Structures are given as structure tokens and as C-alpha cells.
Amino acid sequence: MDTQLRDQVVFHLTGRRTGAESAAAAGLRPALLAAYRHLESLRYDFPVVLAEGEDCVQSLTAMVDAALRAVAPQGTAGEGMRRRALRIEREIRKLVAGGARGTLFKLWDAAAQAAAEAGEEAFAKDVARVRSALKPDGEVAGCDADLPRRLIRHAWSVEQRVKARQARDRIGKLVIRLENILRADHMRSAQALQKPELQSSFGGAHQTLFDFDAMSRLLSRGGPVSGLEERRRRRIEQVVATLKSQRFFPAAPGAAAAAAPAYDFEFPDPEAALKAFRDRLPQLVELWVAMQLAEIEVEGNFVEDVHEPLFAGLDEQAITPQDLEFFPDYLVCLASAEAPERAALTAALSSGVPLKVMVQVDDLLEEAVLGHGSLALGLRSVQLASTAMTLGDVFVLQSSASNLYQLRGRLQRGIGHHGPALFSIYAGPAGGAPKLPAYLLAAAAMQSRAFPAFSYDPGAGPDLASRFSLENNPQPERDWPEESFSYADQVLQSVTETVAFTFADFVACDPRYVHHFALAPRAAWGETMLPVRDWLASPPQDPASRVPYVLAVDEADLLCRLVVDDRLIRAAQRCRESWHRLQEFAGIHDSRVERILTRERQAWEEQHRQELAAATALIAAPAAEPPKAESRPAAAAAPAVEAEPARNPDEPYIETARCSSCNECTQINAKMFAYNENKQAYIADRKAGTYRQLVEAAESCQLSIIHPGKPLNPAEDGVAELLERAKLFL
Amino acid sequence: MSTASTCLHHLFEEHHVLEDYQGGVPRWCKGCGDNAILAAMQRLCRDEALRPEKTVFVSGIGCSSRLPHYMRTYGFHGIHGRALPIAQGVKMARPDLNVFVNTGDGDCCSIGAAHWIHAIRYNMNLTLMLHDNHIYGLTKKQASPTSPLGTKSNTTPRGSYLDALNPLSVTLGVQNVSFVAQAVDWIPETLFQIITAAYRHKGFSFVRILQRCPEFVGSMFEPWVHDPQKMMMLMHDDGIRLSPALQKIYKNVEEHDPSNIDRAREVASIDDPIPVGIIYRNPQVPCYEELRGAGALRTADSIRTSLDAEFDKFTIWPQ
């Protein structure tokens, strides 16, 4: 026992093997991956179907489930159909894993042929029914090294098509309205009223019935003399020409091809994309200015004195990122092998050009530059995304390929983001570890925090809390995700324990680093072995007494323990550190917040204690006076009611707001009674008429809103009778 | 759009005064309620800065339908009962114009009844004002569908025999109704508020305006004009609110939520007191011109190609 422990400790500290525990570690996989040996028989997110429309990425599993829900009858009657459909799904999975390409329907038919059993007519019928309920059709993609590029390209081209359709609509409407203006002007011009044009505008059958000379003379006589002025006409024609000859958006599918082909927006590297953007900038500005001009012209709002100097001053500085949203984005897909220097990429992203860059990371565990065998963490590729986050308006999404389906909403947001976007995706090594499929490797990278998924969306809000999200990682509040793991022990009893998937487990999937592990014989298992998670959380005081291990299973599904050497532990520490940084970024275990909380809690407790002491002191003192009644503050005076200005009862007036403009009073005396700017009557000049007229107006006013008051001249004719009549209107 | 372009768009602003919208001098009788409606319409055009060249008033036949002559905008004085089809045609051909329809109780509820029902259903973005004076005025006093039972007129010298039609409940009974309001010409403040709301509503706005005809049925609305208690003011934050001055006079106020169709139908059936306010409003009903908007752009080329394709189906080749 002791010698074995000593050998293990030696291996752990120095990496040198003594004794016979050479790692037959090839062929071993981490214990938590034991259940996923046969991926084809499992129903998971992949393969995905790349379709058109809102949901441009759908998983085959979800589509088959939806189709079955739609057509399969409930209960046992539909069981047969369900089983057959699931069999087809398994076949498709096998075909895709074997490298088959094609659309969903093509693969479905191929799988149906492969899985059909002789003599089962119901099979073909059921399968055809489910096939008819599947919608929509699209290319099928499995989780392999090619997936990130295909997926992002697909999402980008769907977005581009939507943009092109909207742009075509908008530009087309403007062109039509501008051409209508030109045509209306032409039809009123002297030339259009000449005989040849009039003749040609009639249909063929009735030409002989009309004398076109007379018609031309008649029409030319009364028509408007002036048409569009020359400057405006030239301006409109120029705008129409610019709008029609734009090359940013392709013509509608099926429409006549434009004179010059539309620009291409996909480039192999960022420099080429930036160069293309700069080259096309004059045309972009021209098109944008033409659209502004067109929108103002069609409403008839163009005022030369005001608008012309403004438009003369418009250049590329006037274009904001929101304007650029209208124009197509540039796409660059980079495989890590071709990745340019980080500086060039960050320069491209910070330039503000609407550039969408996908960087595919192949290898997370490259050897360090220093070359003395210590593991570097693929620092370049992992730090790329973190650096891009600090650039401000860049949308950043880091994820492994296995998680891309879950993150499809976030991905679409990134593609639709108006500024630059960076997608950093890990899809497993290009060569592929032969034992483990790419999906598992990618998933392992995310589980083990070697390549955690995060997204930074500048459009989601003003602060970090709304922009940064770690939520797709499993158990983001923990260092390592923990799962419960059941196995049978030597006496075939079922044992369950919690196993964490750490960075060391991820490295165990890679055959290149097999020399960092040593197989521990069954007899040596005991108290001296610690799982890596516990080792990292609290390293033991005496390194010579314990060793860290990971749980693994071999080909025959037998459980083994692999001792991990110190270099790998140090690399795992570094991985844990950078995960902690990301956690703090996301607000999990935020150190500053915890310090503030502790301080506040202490202050609260202190205050509480003081209040308690004061209260006990008060109870102890018997001579305390009875508490005075709290005097309420005097009730605030009720808000003063808006007092109407005191009206002189002798003054005649009209309740103007209630006047219905019926002309009764204005027809009696247009100088005394006048309309205000709302065509409601008021007394304009009291002296311009007699008191009799005031009373008569009051009597004829249908709403009785004229109040004659008292007469100016008490000696007027019949004043007594008038006063009597005026009493009604006081 | 962004700041530069929105600035550019708002640089051009027109200012109009009431006189800009005054066409001819109205020939209505002294004291006619149509004057109040005209004043309110001119105020609306001025306050909403409607461009005269972008505004159309369409009318049928009747005293009400004289209104387009007195507005200095585009107008169409059409034939009896056909104001609505013409207005709908204008709207479909030129959806950018502001279209108003002026019609009377005879023009809309009698000869034009068929067009009225379907116009409600189509819900195009128009504003209809029904000048309801309960009589045929232009033809000098005959009973109309909204004349109350017992109205003495030239065609009913012993009093009309039938109960009056209630245009509000008829409108509320048609599918797709989206805006129904009632105003009276003797409370100009609410009249103005209601037609402003009707103009701003996107859809077919039906406003019934009870209008006095002093020449032929001068005493028709007397009780309601002089007794504020007989006016039920429908108030709501989604509807209209009275100014403090009017609140002192019109105390019969009911809080009525315009989105409640069932209560709206009850309120619409009340004759006495007269409910004034927005009775029903539903902004969610789709408009016909949007439903029928073609997906593809109607360019000259596309029209030519599709017409050619249709005609080719009937071409007779020489044998």
C-alpha cells in the first residue's frame, strides 16, 4: 500500500512513472461520458435543419415530435406510427454521422428505404404521413467541424434576404412615386398634348372616331402653363437614376436582372472586408443621400433654400450606425488555422463597420510557447472573445458547437445587431479524436469550463447586468458542474455519488495528453485519493500524503481511477481562475457586492444592538414621563378652488367657448359681435351697436349664451322694456 | 431613421390659419347647426395642420352635403346616397389623402343605407360625419328615417307612423365596427374633441352629430338644448373629458369605457338623455386598404406583364 502511494505521489509531483501503472489510459473516457457511447440511439439537439423563415434553425428531434403530435392518433393506436417515425429519425442520424449531406426530405427518403422491412405496408404509409407533416424543408447539418460555418452562414443569408426584400420594397416605392411625378408633369406638358402622343395613347379600335388635331387644340387651350421647374426635374431624374442603379441589394428572384451585378458581402478575411467597405463607401453615401432626397421630394417638402445647402454638406460623416442597419452586413468566417493576428481582428471589429466575424477554434489545448511541457490553455482563442467585449459596441458570443442550437435565439440577435459581431465557436479538433464524436468533445469543453458559453449583447441594455449573460452554462454558480453518477460496486450493489466534470476530465478525452494520467490499481483506492474538484477547492497541506484523481471508464464499462499529475492540476487552476473572472463579470459571487453586503450587515447589526440597548435602558428607568401625544402637523389647506375672475354684472359678455357659430348674432351686427380665431363669437366692440341689438341677439341666440348686461346709455329708446327682457339672461 | 434624416424631414413645416380653409360663404340658414360643424372642421384642419391639397371632403345630397363647397380643400359633391362609395374609391386610389365624408340622415340612412353597412365592415381609414337633423331639409321638410314618431311633415301631415331608426345601434351591430361617437352641435367643445378623436382613429370613424334645423323643425331639440341634465356626457381617459367650465354646467356625467362593446350598445340605445361622447373605439380592427395591399410592387412593368398574361388566355389564334 505504502509503496503504491509513494509511486502515485511521485507520479503526481514529477510526472515520471515507476512501476507498472503505465497508462493503458488510451481507450479510457471520463466516467460521466459513459452513458453516451452510442450517440445515434440518443435523441438530442442534432442534427439540425437549416430552413428559411423566422425559425431558421430547427432540430430534427423537435420537428419529428411536432409532426407526430399533428398526425399521430393518441394512445396505443398511434404507437406504431411513432415507433416507425423514430426509427427513421435514428437512421437519419446514422447517415449524417457517416457524413451524408442533403435536404431533410432527401435524407428521409433514403432512411426510409434503408429501414424498410419487407412486407410491412403500414410502414410506408405511416412514414409518408409523418413526412407530409414535416415542415419546412432544409439542409441537414450534424454536429461536426463544418457546423459553425454552415449555421452562421445560413443565419446571415436569411437575414440578408429579409433586408434585401425590405430595401427593394422601400426603394421600389420611392422610384414609382418619383416616376409618377415625372410622368404627371410630362402629361401636362405641351408635347404630350400634340396629336402623335394623343393618338398613341388611345387603343387601336377607336382611332378613327376622333379628330386628334381638334382634341389637341382643345386640351392645350385651358391647361396649366408651367410644369416642373428645371432644377427640380433634374434633381428627380438624378435621384431616380441613382436608386435604380444601386448595387447593394440584389434584384428580386425572378425579376429581370439589373444592369450590373449586386455586390458580394462575404469575404475570406477581415482586411478584404474592410477594404471592400471603404471602396464602396462613396456609392453607399450616394444611395443614402438619394433616398433622403427622394423621401422629401415625394412628400413635396423640398425647399431649395433650406435643403440644398444641407444636402451639399452631407458626406460619409453624416451616416450613423442606425443608418448602416439598412445596408447589408459583411460576413467573414475564419478557421482558427488561418486566424490573423489578434490586433488586426480587434482593429477590424472596433472600426464600426457592420462586420460579422466567426472564428472557429480548433484546439483548446495547444502546447505553450515556452515549450517545457506545461499546458497552455489555448489562451489566444479563449481570450479573443473577452478582448472583443471591451471594444464597446461589438456583439460577442462564445460557445461550443454542441450548444449552438440552444443559443440560436442569441445567434440571431447577434446577426441582426447593427454593429460588428464576433462569434467564437469551438467545434472539436479538425482531425477528430477517433474515440469520441465531435459533439461530445464540444460539449465536454463547455461542461469543463475550458470553453464556457457567454454572450455580450450591447443592444440589450445600458449596463453589464443586462448585457452579459452566462446562463447557458450548466450550474453557473458552481466551479464545476456536478452530476449524480450511479455504478455497481464489487458486490453488485448500486452506489450513487456526485461527480464533478472538471478541466482534468476534459483533458482526459484528448489522446495527446495521455501521459499526464496514471492508472491506479484497484487495491490502491482509498482515503489517500481525492477527486480533482476537492483538491482544487482546498489543496491539502501535505502534498506528499494525497493524490488527485479522475474517474474514468474503459471499453468494457469498468470503472477506473486515473491519477493526475501536477502540471495538469496547475492548468486546471488557471482554468478555474478564468472561470471565476467570468462569474464575477456575470455578477455571480461578485466580490465587491459581497463586501458591501457584509459591511451593510455589520452596520445594521450594530444599529440593532444599540436600539436594543436603548430600549432596555428605557424600560429600566421608572421615572420616564408618559409619552407625549404626537402632534399632527396642521392639515394642509385644501387646494384653493380656482376662482373665476369676478365679473362685472353690468358688462355684456358671451360665453365664447360654448358658441356654435350659427351666425345669428353676427348677422344682427357684424361690428359688435365678431368671431375669434376658432370661429366662435365674442363681443368685439360694445359701443358699435345699441342695447336693443344686444337684447335681440341674446333672444335669438339658440344656446342662450349672450348676456346683455346693462345698457351703456340709460336714456336709450325703450330701455325699460329691454331691461325687462334682458332679465332672463342675467 | 436616424437623427440626420429625421431632422431633414422635419425642417419643412406648414402653418395654416382658419381662413386658409374657408371656401365659399355658407348659404345655410341663420342658426343652422351645420355652421357649428363647419367651424369645428376648419379648426380641426388648422390644429392638425392638414394640407389643403391632401384633404378631401366627399358628400352626397342635402344641406349637410353643401359642406365641401365651404372648405378650401379638395372636395367631391356626389349624387344622392353615394358619398361613401366615392369616398372609398378615393381612399383606395390615393391612400395618402385625408378623406372626410359629410352626409345627412336621408343621404346615409335612407337611400345610402346599403353603402353605409358595407363601409362599416370594410373599415377603411375615413371619417364620416352624419349631420342628423331628423328631417329632409333641402327638399323642404319631409320625414326622414330618424324623424321621431309623430313628426309632422309634408309627407306625413298627421305625424310620422314609424319609430325612428337609431343609426348608432345599427352601426354597432355591423361586424368590424371600430369607432362610433355621438356629438351635438350646441356643445362645440365636445364636438371638436370628438371629431379630432375620429380623425386620429385609424379606421372607419362614424360620428353622428345631432344638428338643429331652425327653419323646418326648430323645436326638435329644444328640451335638450336648454336643460343640461338631459345631456349624458360620456367621459373616460380613453374617450373625452370636459373642461372645468363645462363641468359646472353639465353635471350628468357617466364614466364609460369605449372599449366595452356591450355597454356601448346599451348606451347607444338610450334616447333620453342624449349620450354625448365616444361610445365605442377599437383600434385593432384591420383596415381594408391594408388587407388588400398587394405584396408585390405595382410597377408599370408588372401591370403590363400580368395584363398580357390574362389577355393571352383569350387570344384566338388564326387557325
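The paragraphs below set out a description of the structure included in this document. On a predicted model such as this, the values are computed, not experimentally measured, just so you know. (Residues numbered from 1 in each chain as written. Chains lettered and ligands numbered in written order. Predicted model: local features only at pLDDT ≥ 70, side-chain atom pairs only at ≥ 80, totals over all residues. Heavy atoms only, no water.)

**Some words on the overall build of chain A**
Put simply, the test is: By the criteria applied, helices consist of DSSP H or I runs no shorter than four residues and strands consist of E runs no shorter than two, each listed in order from the N terminus. For every residue, the accessible area obtained with a 1.4 Å probe (protein chains only) is divided by the maximum for its type, and the residue is called buried under 20%, exposed over 50%, and partly exposed between those limits. Every residue pair with non-hydrogen atoms within 4.5 Å of one another is taken to be in contact. Under the convention used here, a 1.4 Å probe and the Shrake-Rupley method define accessible areas, while residue burial counts only the protein chains that appear.
The number of helices and strands found in chain A is 24 helices and 21 strands. In chain A, buried positions account for 44% of the 730 residues. Considering only residue pairs separated by 6 or more positions, chain A has 70% of its internal contacts joining residues 24 or more positions apart. In the structure as shown, chain A presents an accessible area of about 38400 Å², 54% of it carried by carbon and sulfur atoms.

**Describing the overall build of chain B**
Put simply, the rule is: Radius of gyration means the value over C-alpha atoms here, while the globule rule gives 2.2 Å times the residue count to the 0.38 power. Residues counted as positive are Lys and Arg, residues counted as negative are Asp and Glu, and His and the chain ends are not counted. By convention, the point assigned to a charge is CZ for Arg, NZ for Lys, CD for Glu and CG for Asp.
Regarding its fold elements, chain B presents twelve helices and nine strands. A globule of 319 residues ought to have a C-alpha radius of gyration of about 20 Å, and chain B, at 22 Å, matches this closely. Structurally, chain B occupies a C-alpha span of about 75 × 60 × 45 Å along its principal axes. By residue count, 50% of the 319 residues in chain B fall in the buried class. Counting only carbon and sulfur atoms, one obtains 55% of the accessible surface of chain B, whose full area is about 14900 Å². A distance of 4 Å separates the average location of the 31 positive side-chain charges in chain B from that of its 33 negative side-chain charges.

**Section: the pattern of salt bridges**
We apply this condition: Take a side-chain nitrogen of Lys or Arg and a carboxyl oxygen of Asp or Glu: if they are within 4 Å of each other, that pair is a salt bridge.
Taken as a whole, this structure holds 58 salt bridges over all chains when the rule is applied. Between Asp132 of chain B and Arg208 of chain B there is a salt bridge, with its nearest N and O atoms 2.8 Å apart. Residue Asp132 of chain B is located in strand 4 (residues 127-132), and its partner Arg208 of chain B is located in strand 6 (residues 205-210); the two are separated by 76 residues in the primary sequence. The residues Asp132 of chain B and Arg208 of chain B share a single accessibility class, namely buried. Among the ionic pairs, Glu310 of chain B bridges to Lys313 of chain B, the shortest N-O distance being 3.2 Å. Glu310 of chain B sits in the partly exposed class, given a relative accessible area of 40%. Since its relative accessible area comes to 57%, Lys313 of chain B is described here as exposed. Overlapping salt bridges bring together Arg231, Arg232, Arg235, Glu297, Glu304 and Glu308 of chain A as one network.

**Topic: the packing of aromatic side chains**
Residues and elements named next belong to chain A. Applied cut-off: Working definition: rings of Phe, Tyr and Trp (its six-membered ring) pair if their centres are within 6.5 Å, and the pair is stacked with planes under 30 degrees apart, edge-to-face with planes over 60 apart, and tilted otherwise. A ring is considered to have a charge above it if a Lys NZ or an Arg CZ atom is located within 6 Å of its centre and within 35 degrees of its normal.
Applying the stated rule across the entire model yields 24 aromatic pairs over all chains. Summarising the aromatic geometry, the rings of Phe249 and Phe327 are spaced 6.3 Å apart at their centres and angled 20° between planes, so their arrangement reads as stacked. Within this pair, whereas Phe249 is found in the loop between helix 9 (230-244) and strand 5 (266-267), its partner Phe327 is found in the loop between helix 12 (321-324) and strand 6 (330-335), the two being separated by 78 residues in sequence. Ring centres of Phe267 and Tyr330 lie 5.9 Å apart, and the angle between their planes is 25°; this geometry places the pair in the stacked category. Within this pair, whereas Phe267 is found in strand 5, its partner Tyr330 is found in strand 6, the two being separated by 63 residues in sequence. According to the relative accessible area criterion, Phe267 is buried, its value standing at 16%. Of the residues examined, Tyr330 reaches a relative accessible area of 2% and is grouped as buried. Among the aromatic residues, those joined into a ring-pair cluster are Phe248, Phe249, Tyr263, Phe326 and Phe327. Across from the ring centre of Trp525, 4.7 Å away, lies the NZ or CZ of Arg561, which sits over that ring.

**Quick word on the environment of Ala214 of chain A**
Residue and element names in this part refer to chain A. Mapped onto the fold, Ala214 is located in helix 8 (residues 212-222). Ala214 sits in the partly exposed class, given a relative accessible area of 23%. Taking the C-alpha atoms as reference points, Ala214 and Lys195, 19 residues apart in sequence, are found 8.8 Å from one another.

**Examining the interface of chain A and chain B**
Going by this rule: Joining two parts hides part of their accessible area as seen by a 1.4 Å probe, and the buried area is that hidden amount summed over both.
Taken together, the 41 residues of chain A in the interface contact 38 residues of chain B. A buried area of about 3100 Å², summed over both sides, lies between chain A and chain B, and 55% of it is on carbon and sulfur atoms. Of all residues in chain A, the largest losses of buried area upon contact with chain B belong to Arg658, Lys679 and Gln702 of chain A, amounting jointly to 19% of the total for that side. Taken together, the links from chain A to chain B amount to one salt bridge.

**Describing the side chain of His134 of chain B**
All names here are of chain B. Spelled out, the test is: Think of a polar contact as two N or O atoms within 3.5 Å of one another; within protein, one of them needs to be a possible hydrogen donor and the other a possible acceptor, and neighboring residues in sequence only count if both atoms come from side chains.
Within the fold, His134 resides in the loop between strand 4 and helix 6 (167-172). His134 sits in the buried class, given a relative accessible area of 8%. At 3.0 Å, the side chain of His134 forms a polar contact with the side chain of Asp132. Of the polar contacts made by the side chain of His134, one reaches the backbone oxygen of Thr146; its length is 3.3 Å. Setting aside residues up to four positions removed in sequence, His134 forms contacts with Asp105, Ser144, Thr146, Ser147, Pro148, Arg208, Leu210, Met220 and Phe221.

**Quick word on the environment of Val90 of chain B**
With respect to the helices and strands, the residue Val90 of chain B is situated in helix 3 (residues 83-93). Setting aside residues up to four positions removed in sequence, Val90 of chain B forms contacts with Val56, Leu97 and Val99 of chain B.

**A look at helix 24 (residues 719-726) of chain A**
Residue and element names in this part refer to chain A. Inclusion rule: Throughout, the arc means the angular range of directions from the helix axis out to the C-beta atoms.
All of the buried residues in helix 24 are Val719, Leu722 and Ala726. Axial view of helix 24: buried residues confined to an arc of 60°, hence all on one face. Against helix 23 (691-700) lie the buried residues of helix 24.

**Details of the sheet that holds strand 6 of chain A**
All names here are of chain A. So the rule is basically this: We treat two strands as partners when DSSP finds at least two bridges between them. To get an axis, fit a line to the C-alpha atoms, keeping to the stretch in contact for a helix; angles then go from 0 to 180 degrees between the N-to-C directions.
In spatial order, the strands read 5-6-7-9-8-10-11; together these seven strands make up an open sheet with mixed pairing. A strand with exactly one partner marks an edge of an open sheet, and here the two such strands are strand 5 and strand 11 (468-469). Where strand 6 and strand 7 (residues 355-361) come together, six bridges link them in parallel fashion. The residue bridging Ala335 from the neighbouring strand is Gln360, located in strand 7. On the sheet, helix 15 (residues 408-416) packs against strand 7, strand 8 (395-400), strand 9 (421-426), strand 10 (454-456) and strand 11 and is oriented at approximately 145° with respect to strand 8.

**Examining the sheet that holds strand 2 (residues 74-77) of chain B**
Residues and elements named next belong to chain B. Ordered by their spatial adjacency, nine strands build an open sheet running 2-1-3-4-6-5-9-7-8, and the pairing between neighbours is mixed. Each of the sheet's edge strands pairs with one partner strand only, and the pair in question is strand 2 and strand 8 (253-255). Here the average twist between neighbouring strands, direction ignored, is 20°. The pairing of strand 1 (residues 55-59) with strand 2 spans four bridges and is parallel.

**A few points about unusual backbone geometry**
In this model, Phe46 of chain A is joined to Pro47 of chain A through a cis peptide bond whose omega is 0°. Of note, the bond from Asp272 of chain B into Pro273 of chain B is cis; its omega dihedral lies within 30 degrees of zero at 5°. Mapped onto the secondary structure, Pro273 of chain B falls in the loop between helix 10 (261-268) and strand 9 (274-281). Here the phi dihedral of Arg449 of chain A falls at roughly 65°; this positive angle occurs in a residue that is not glycine. Residue position: Arg449 of chain A is located in the loop between helix 16 (438-447) and strand 10. At His589 of chain A, a residue that is not glycine, the phi angle is positive and equals roughly 50°. You can call His589 of chain A partly exposed: its relative accessible area is 46%.

Function cannot be read off these values alone, since they describe shape.
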